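The primary structure of each chain is shown beneath.
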Amino acid sequence: MSPSTLFAATGGFDPLTGGEVMVAQNIAFAIMAVTMLVSAVRMVTTRNVVHAALYLVIVLAGAAGVFILLGAEFVGVTQVMVYIGAIIVLFLFGIMLTRGSFGDDDGVDGERRSMAAMVGALVLAVMAAALVDTFRDAELSRAQPSLTADVGDLIFSQYIVPFEAISVLLLAALIGAIVVARGD
Amino acid sequence: MSSTILAIELAYWQQTGLRALLGLVGVLLPAGILVYLFLFKMMSFMQSRLGPMEAGPYGSLQLLAEVGKFFQKEDLIPAAADRVVFKMAPFVVLISTFLLVLVIPAGPDLWFIDIDTGIFLALAVSSISVIGILMAGWASASKYSLIGGLRAAGQLVAYELPLVLAVMGVVIQAGTLNVQGIVMAQASGEIFGWGGIGNPFILTQFVGFAIFLIAVQAELTQPPFDMPVAESELVTGYLTEYSGLRFLMFFIGEFATAGIFSALAATMFLGGWYVPGLDPTDNLFNVIGPLVLIGKMVLVAFLIFWFRFTYPRFREDQLQQLAWKFLIPLSLVNIVATGILKVVF
């Protein structure tokens, strides 16, 4: 009874580099990556807001799948729980409550296109720089998925200060939202 | 991962095929049992009538007749509907159901996936069905459907919190998210040093059990929480425009989810496939485990359907107040109390 059942297929060693080859994982990753890319492009090009939100579901589900492939089981499941189960539902709820209209929306493809492209490029640059700088050539351990208990231990020991800071930040955002929404 | 089931050696692809087949059984069997036993028979008896009696002995083949009826119906799609989203919506709901059945173990070696996040995964995938319901409500291009979808989303988001928080007490007590681990914790548990019946968590987590069942009732949009499909106001809410096979898929999804949530409650609070007096690692449980689990599932489902057929519908504001002002604070108190007692004992 090992918890590593999600890693069904095992691979051999690459004769050229000596590194480990995981065939099934590579195929699964390729399928997910292509699906995610296509959905992401469709998400920003479609003129229907509800369709955009539904494409976002596919992208986020793919992200959860990639996390699980990397052995970050808890993060993957949390991705499903928080993003698909809560945030997208709120998106759809908001769209349907305010618009509820059908077909393409003319106002979607607006004047902020260049701004959005700039923000996107900036986020990509910062994330790529941070990731490359952090990991360099380090190979992640793929033999065993990370256990939820270990994640919990780390959050409440080594990373307790960032964790608390984020909690306070979220609380502030929550209160701020209520204050803004009340309007009195 | 054990590659033998009852001493039969199986290749990986054979195991996968067997799992897919058993997954189908795991979804359809609870749905069939619940529909026949409770929707056809128990509801009829509670209303002083016999229910279906013609098809087969005591109407036991009525299920097949119903499925046959749905197969014959025309697959109607409203002219103004968003066809792709409309067609996909029932599948999204069924995906959620099929993923949900994966986490439930039916014996020491009988499980689909035995992963570390177990119960957390179940709660996460159960929330996918909300998207299917919203898709159905929006794509139908009907006011009834849209309002029904919105009500369903509001209700499901509100009751997901008590559902998750009620499970927290069990997780704290068992010390693991793994469902098999929760069963083992109950099987090997002791009540003040007496291990005669293990320690089914319903004894210590009764508040959690009650909150879980109420939240499940709301998650299934069953009466008294059936505002999203309130037939006197909304025809049938987000299901209004569906017919034939697609309606059947929503129907199976609802009752299969009811069965799987009942099995989940039985696993977390009643000891799952374990019966007291035997060694939990005994190979015998690979045979009787599924039967024990189904028995306990029917017991929990009986409670759910008893409430369903007894109580009148909540008003929308009462429904939201019950979740936010009563169930969520109560489940938070339950978590704090469980945490303190866990440290003390």
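A count of helical and extended segments in chain A gives six helices and zero strands. Ordered by position from the N terminus, the helices and strands of chain A form the series α-α-α-α-α-α. Counting every position in chain A, which comprises 184 residues, the buried fraction comes to 16%. Excluding contacts between residues fewer than 6 apart, the proportion of contacts in chain A whose partners are at least 24 apart in sequence is 57%.

Looking only at helices and strands, chain B features 12 helices and two strands. Taking 2.2 N^0.38 as the reference for a compact globule, 345 residues should give roughly 20 Å; the C-alpha atoms of chain B span a radius of gyration of 21 Å, in line with that estimate. With respect to the principal axes defined by its C-alpha atoms, chain B has extents near 65 × 50 × 45 Å. Out of the 345 residues in chain B, the part that is buried amounts to 48%. At a minimum sequence separation of 6, the contacts of chain B that also span at least 24 residues come to 79%.

Right, let's talk about the interface of chain B and chain A for a bit. Contact residues are listed per partner, giving 29 residues for chain B and 28 residues for chain A. Those elements that place two or more of their residues in the side of chain B that touches chain A are helix H4 (118–126), helix H5 (128–139) and helix H6 (143–174) of chain B. Here the side of chain B that touches chain A is built from residues that sort into 22 nonpolar, four polar and three charged.

When you line up the elements, B:Met46 lands in helix H1 (residues 12–46). Put simply, B:Met46 and B:Leu327 are 281 residues apart on the chain and 29 Å apart in space, counted from C-alpha to C-alpha.

Our focus in this paragraph is the packing of helix H8 (residues 206–219) of chain B against helix H10 (residues 244–269) of chain B. Working note: a packed helix pair is described by the angle between its axes plus the distance between those axes. All names here are of chain B. At a minimum axis separation of 11 Å, H8 and H10 run at an interaxial angle of 170°. The angle between H8 and H10 falls in the class roughly antiparallel. Here Phe 209, Phe 212, Leu 213 and Val 216 of H8 lie close against H10, whose contacting residues are Phe 261, Ala 265 and Phe 269. In the contact of H8 with H10, the residues fall into seven nonpolar, no polar and no charged.

All names here are of chain B. Checked against the element boundaries, Gln 173 lands in helix H6. Among the residues examined, Gln 173 registers 22 C-beta atoms within 10 Å and is labelled buried. Among residues more than four places away in sequence, those in contact with Gln 173 are Phe 201, Thr 204, Gln 205, Thr 338 and Lys 342.

A few words on the nonpolar core. Buried together is how nonpolar side chains tend to be arranged in soluble globular proteins. Residue and element names in this part refer to chain B. Grouped together as the largest cluster of nonpolar side chains are 120 residues, with contacts concentrated most on Ile 119, Ile 131, Leu 134, Val 167, Phe 212, Ala 215 and Ala 265. Here this core takes 16 residues from H6, the largest share from any one element. The residues contacting Ala 265, other than those within four sequence positions of it, are Phe 209, Phe 212, Leu 213, Val 216 and Val 300.

With that settled, the discussion passes to the confidence of the model for chain B. Summarising the model, chain B shows a mean pLDDT of 83, and 96% of its residues fall at 70 or more. Across the assembled chains, the prediction reports ipTM 0.79 with pTM 0.84.

Residues and elements named next belong to chain B. For the pair H1 and helix H11 (residues 285–310), the least separation of the axes is 10 Å and the interaxial angle reads 45°. By the angle between their directions, the pair H1 and H11 is classed as oblique. Once H1 is placed against H11, the crossing between them reads as right-handed. Packed against H1, whose contacting residues are Pro 30, Ile 33, Leu 34, Leu 37, Phe 38, Met 42, Met 43 and Met 46, the element H11 presents Met 297, Val 298, Ala 301, Phe 305 and Phe 309 at the interface. Counted by class, the contact of H1 with H11 contains 13 nonpolar, no polar and no charged residues.

A few words on H10(B). Residues and elements named next belong to chain B. Here H10 contains 26 residues, and its C-alpha end-to-end distance of 37 Å stays within 8% of the 38 Å for a straight helix at 1.5 Å per residue. Summarising burial for H10: 20 of the 26 residues are buried, a large majority. Phi for Gly 271, located one or two positions after H10, is positive at around 90°.

Residue and element names in this part refer to chain B. With an omega dihedral of 0°, the bond running from Pro 223 to Pro 224 counts as a cis peptide bond. Along the chain, the position of Pro 224 falls in the loop between H8 and helix H9 (231–234). You will see that Ala 141, though not glycine, has its phi angle at about 55°, which is positive. Position of Ala 141 among the secondary structure elements: in the loop between H5 and H6.

Let us now look at the confidence of the model for chain A. Residue and element names in this part refer to chain A. On average, residues of chain A carry a pLDDT of 79, and 78% of them reach 70 or more. Within chain A, helix H5 (residues 148–155) has the poorest average pLDDT of any element, 83, and helix H6 (residues 160–182) the best, 91. Residue range residues 1–11 is modelled with pLDDT below 50. Its contacts to residues more than four positions away, or to other chains, number 25 contacts.

Turning our eyes to something else, we now look at the environment of B:Val167. All names here are of chain B. Its place among the elements puts Val 167 in helix H6. In this structure, the C-alpha to C-alpha distance between Val 167 and Ile 335, residues 168 residues apart in sequence, is 9.2 Å. When near neighbours in sequence (up to four residues on either side) are disregarded, Val 167 contacts Ile 119, Leu 123, Phe 212 and Met 268.

All right, on to helix H7 (residues 179–187) of chain B then. Residues and elements named next belong to chain B. Of all nine residues making up H7, eight are buried, and the element is well covered by its neighbours. Regarding H7, the residues found buried are Val 179, Gln 180, Gly 181, Ile 182, Val 183, Met 184, Gln 186 and Ala 187. Where H7 is buried, its residues meet H4, H6 and H10.

Calculation notes
- Residues numbered from 1 in each chain as written.
- Chains lettered and ligands numbered in written order.
- Predicted model: local features only at pLDDT ≥ 70, side-chain atom pairs only at ≥ 80, totals over all residues.
- Helix = DSSP H or I, 4+ residues; strand = E, 2+ residues; numbered from the N terminus.
- Buried ≥ 20, exposed ≤ 12 C-beta atoms within 10 Å, placed from the backbone.
- Contact = placed C-beta atoms within 7 Å.
- Rg over C-alpha atoms; globule rule 2.2 N^0.38 Å.
- Nonpolar A, V, L, I, M, F, W, Y, C, P; charged D, E, K, R; others polar.
- Axes fitted to C-alpha atoms, helices over the stretch in contact; angles between N-to-C directions.
- Parallel < 35°, antiparallel > 145°, perpendicular 65-115°, else oblique.
- Core = buried A, V, L, I, M, F, W, Y, C linked by C-beta atoms within 7 Å.
- pLDDT = per-residue confidence, 0-100.
- Left-handed = near helix turned anticlockwise from the far one by under 90°.
- Expected span 1.5 Å × (residues − 1).

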